[in-house]
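Coordinate analysis (summary)
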Amino acid sequence: MSDASEPAAAGRDRLRNALSRYRVPIGILLLVVLLRPVIAHDALLGSSYIASAMLIWMLFAAAFNLLYGYSGLLSFGHAIFLGTGIYGVAIGIRHFDLPYFVAAPIGVIVAGLIAYGIARLIVGYGEIYFAMLTLAFAEAIHFVVNADPFGLTGGADGLRSDTTPAWIESFRGRSVVQLGGGEFELYYFVALVFVIAMLALWQIVRSPFGRTLVAIRDNEELARAMGISTARYQTWAFTLSGVFSAVAGTLLVIRNSGASLENFGMMTGAEVILMSIFGGISYFFGPIAGAFSWFFAREYLTNLEMVAIPLVGTVDVGPILGYWRFFFGFLFVVVIVLSPQRGLWGFVRSIADRIRDRLAEVISE
Amino acid sequence: MSAATLASTPDELPSVPWLIAGLALLAVVIVTLAVRPGLFISNLVGGLVYGMILMMIALGLSLILGLLGVVNFAHGALFMIGAYGAYQVVALFELPFWVALIAVPIGVGLIGVLMEVTVLRRLYGEDPLIGLLATFGIELMLEEATRAQWGGTPLSFDPPAVLRASVQVGFLEIATTRLFTAAVGAVVVVGLFLLMYRTDFGLSIRAGLQDQQMAEFLGIDIPKRFTIVFFLGTAIAGLSGVLRGAEVGMDLGMGMDFVILAFVVIVVGGLGSIFGSVVSALLIGVAVFVTPVMLRAVTTVTGLEWLYVSGIGGLMPFLVMIGVLLVRPRGLFGEEGLLE
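All of these numbers come straight from a predicted model, not from anything done at the bench.

1. Observations regarding the packing of aromatic side chains
How two aromatic rings sit relative to each other is set out by the distance from centre to centre and by the angle between their planes. All names here are of chain A. As enumerated under the stated definition, the model contains 30 aromatic pairs over all chains in all. Relative to Y68, the ring of F64 has its centre 6.1 Å away and its plane inclined at 45°; by these criteria the two rings are tilted. Highlighted residues: F64 and Y68, both in helix α3 (residues 51–71), separated by four residues, approximately one helical turn. Just as F64 is buried, Y68 falls in that class too. Taking the ring centre of W202 as reference, the NZ or CZ of R206 above it sits at 4.0 Å.

2. Some remarks on the interface of chain A and chain B
One frequent convention defines the size of an interface as the accessible area lost when the parts assemble. Facing 39 residues of chain A, the contacting portion of chain B comprises 41 residues. In total, about 3700 Å² of surface goes out of reach between chain A and chain B, with carbon and sulfur atoms giving 83% of it. For chain A, the biggest contributors to the area lost against chain B are A:I128, A:Y129 and A:M132; these three give 19% of the whole. Taken together, chain A and chain B are joined by zero salt bridges. Those elements that place two or more of their residues in the side of chain A that touches chain B are α6 (127–146), α11 (266–279) and α14 (324–338) of chain A. Here the side of chain A that touches chain B gets 13 residues from one element, more than from any other, and that element is α6(A). Across the side of chain A that touches chain B, the residue classes tally to 32 nonpolar, four polar and three charged.

3. Some words on the UniProt feature "transmembrane region" (unreviewed entry) in chain B
All names here are of chain B. Within this structure's numbering, the places UniProt gives as "transmembrane region" (unreviewed entry) are residues 16–35, 47–75, 95–115, 179–197, 226–246, 258–286 and 306–327. In residues 16–35, the share of helix is 100% and the share of strand is 0%. The end C-alpha atoms are 28 Å apart. As annotated, residues 47–75 comprises 79% helix and 0% strand, and the C-alpha atoms at either end are separated by 22 Å.

4. Some words on the nonpolar core
Ranked by internal contacts, the top residues of the largest apolar core, which has 214 residues, are A:L74, A:F76, A:F194, B:F73, B:L132 and B:F136. With 17 residues, the single largest contributor to this core is α3(A). When residues are assigned to domains, this core turns out to be shared by domain 1 (82–252) and domain 2 (253–340) of chain B, each giving three or more.

5. Things to note about the domain arrangement of chain B
All names here are of chain B. Considered domain by domain, chain B is made up of domain 1 (82–252) and domain 2 (253–340). Contact residues are listed per partner, giving 11 residues for domain 1 and seven residues for domain 2. Note on domain 1 versus domain 2: buried area summed over both sides is about 830 Å², and carbon and sulfur give 71% of it. Looking at the side of domain 1 facing domain 2, the largest losses of area belong to E139, R244 and D251, adding up to 37% of the total buried there. Counting the contacts that link domain 1 with domain 2 gives three residue pairs in polar contact (both at pLDDT 80 or more). The set of elements that each furnish at least two residues to the side of domain 1 that touches domain 2 consists of α6 (128–150) and α8 (176–198). Considering each element in turn, the side of domain 1 that touches domain 2 owes the most residues, three residues, to α6.

6. Comments concerning the packing of helix α2 (residues 23–40) of chain A against α3(A)
Residue and element names in this part refer to chain A. At their nearest, the axes of α2 and α3 sit 10 Å apart, and the two run at 140° to each other. By the angle between their axes, α2 is oblique relative to α3. Helix-helix and strand crossings are classified by hand; for α2 and α3 the assignment is right-handed. Contacts from L31, V32, L35, R36 and I39 in α2 reach A51, M54, L55 and M58 in α3. Residue composition of the contact of α2 with α3, grouped by class: eight nonpolar, no polar and one charged.

7. Looking at the pattern of salt bridges
Oppositely charged side chains are able to pair whenever their charged atoms sit close together. All names here are of chain A. Taken as a whole, this structure holds eight salt bridges over all chains when the rule is applied. Notably, a salt bridge pairs D353 with R356, separated by 3.5 Å at the nearest N-O pair. Of this pair, D353 and R356 both sit in helix α15 (residues 343–364), three residues apart, which is roughly one turn of that helix. Residue class for R356 comes out exposed when judged on its relative accessible area of 56%. Here E361 ties to R358 by a salt bridge, and the two come within 2.9 Å at their closest N and O atoms. Of this pair, E361 and R358 both sit in helix α15, separated by three residues, roughly a single helical turn.

What counts and how
Residues numbered from 1 in each chain as written. Chains lettered and ligands numbered in written order. Predicted model: local features only at pLDDT ≥ 70, side-chain atom pairs only at ≥ 80, totals over all residues. Heavy atoms only, no water. Phe/Tyr/Trp six-rings, centres within 6.5 Å; stacked < 30°, edge-to-face > 60°. Helix = DSSP H or I, 4+ residues; strand = E, 2+ residues; numbered from the N terminus. Buried < 20%, exposed > 50% of the residue type's maximum accessible area, 1.4 Å probe, protein only. Lys NZ or Arg CZ within 6 Å of the ring centre and 35° of its normal. Contact = heavy atoms within 4.5 Å. Buried area = accessible area lost by both parts, 1.4 Å probe. Salt bridge = Lys/Arg side-chain N within 4 Å of Asp/Glu carboxyl O. Nonpolar A, V, L, I, M, F, W, Y, C, P; charged D, E, K, R; others polar. UniProt positions renumbered as here; feature names shortened; annotations may be inferred. Core = buried A, V, L, I, M, F, W, Y, C linked by side-chain atoms within 4.5 Å. Domains from an automatic or database assignment. Polar contact = N/O pair within 3.5 Å; in protein donor to acceptor, adjacent residues only side chain to side chain. Axes fitted to C-alpha atoms, helices over the stretch in contact; angles between N-to-C directions. Parallel < 35°, antiparallel > 145°, perpendicular 65-115°, else oblique. Left-handed = near helix turned anticlockwise from the far one by under 90°.

Below is the structure:
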């Protein structure tokens, strides 16, 4: 072994360490860069139309998982925060002529305040109570939005017009951002916010705060005995989760060009739960994988329906696929019974581990 | 648990604000009685009947929650299937309503047993959230299956002639469906109470509730008891679905709506208390129906239009719940320490 190879080996080790240490930021960047070209490939969806919606929902699911995966608190009411982000922007632009970059922070702050208030009220109860109480709050707020207080929310019609910021140019479903003299696709704006928010979430998760949340999740009594104010940590986890969900909402309002009542609906809160658990709540990337597969499956199945009917004629898959929630519910129950923690991402990881072990074996031989 | 029940005397409450609140409520009731007596009384009756439906669902839910430790989210879907099942029997098979009243709850109970045996049995002793999520998935499946079978549009069927009539009570006309629902609800409560507290079967269930392992040592077949309790709870949900279907018809949203409300009832009444569930269900039912009338009466008297909030009725359960949680976190008659 010569002297020259040792620094090289050390350098390689350092590179490997850095890679494994920063694998989450690297993964996020790769995801943002690769998502559009990959799903636009002809063998997959053939269009990148839903790429920005996917990113937004990935952020929403990751924000949800900060609460469920890392703190062990299940919320059926996360539609409240997504909806507050959406309606905050829509109301600000439509009724008060605020610029987007003023309305969006206001929406996020309001969502944070609502989250904090709810959390202060209910965080001391057991998990089941907590989950059902978030559901009750979601119902109550859905009710309020539906009642159209002061003509702000538009009731059941939602806010469909005059809600797009001036710097968004929409043409045939494609949205283009015109900012600072430049012009680029909406996707890149969403991607920028997505990357920043995801990195922030990652920092939260690996900070002492995030570690404490995990400790509380794993053994609340022990954590309390060690002098951790569990209620305070859980309150802040709920608040932060709500804030990041609202950030996703402020993006979704541009993507959907408007706010609709179903953003506050029961199913919105349910979908994010289904996605996250399906993807695997034990991992940072689990909910992201869940959101991806949810959107991908839904889009792929609707495409399938449109192709299959004219070609095959007699085999009408539409009616069956129309009830896809039944099959998804079934799959969800199976996942819950068999492996409630690891989900799809856990499955992918175990396959990757097996391949790596196999490779290591081959190389060592 | 037993020590907690002893200490359930009400805490020292600040009496002056409560007195003022009580007097204000009394004043509003008097004003309403003066302005619109007929509407007030008929909404009061409507609220009590609505509360009876809520109460039956909540009883089944809390029975299952208490014994099995599972919040059966699918309870709402089973309630809904009860209503649609009654539609199937009465409108499509053209059988008498009384057949539906007996057969549909049994059918719904059997669906519940199927659920318990195939899914929930694997989840006892796990994190309670897992049970909640699993039954949530089942709720979605059942809802979608209902949509596939009966379509998405709201339906209704004609109740038998006896129930279409109305009875004159004083100056008030009350539809007999409402009286019938109230009567069935009362029978269910009393029956459940007698079953739980006056029979050996109820004794063994309560033993299992207190210490499952010890009860099994003493030779009680707990898994079988669990299945029977699950059947009972879901059959009651089916029964209340039949009654609700006869009174107002059915739609796909009713399951989710009612299971949430039933949980609100349990939280307000206090977990583990049959009496608490009954009181809070009736309270919430009345609050939903009477509050809009009272507010309307107050606005007509005072002329302050902003006092009337449209849609306040549907918001009342949640307002009551938030209020109760702030003042008395364990619920009106709850035992301390259950599922906390």
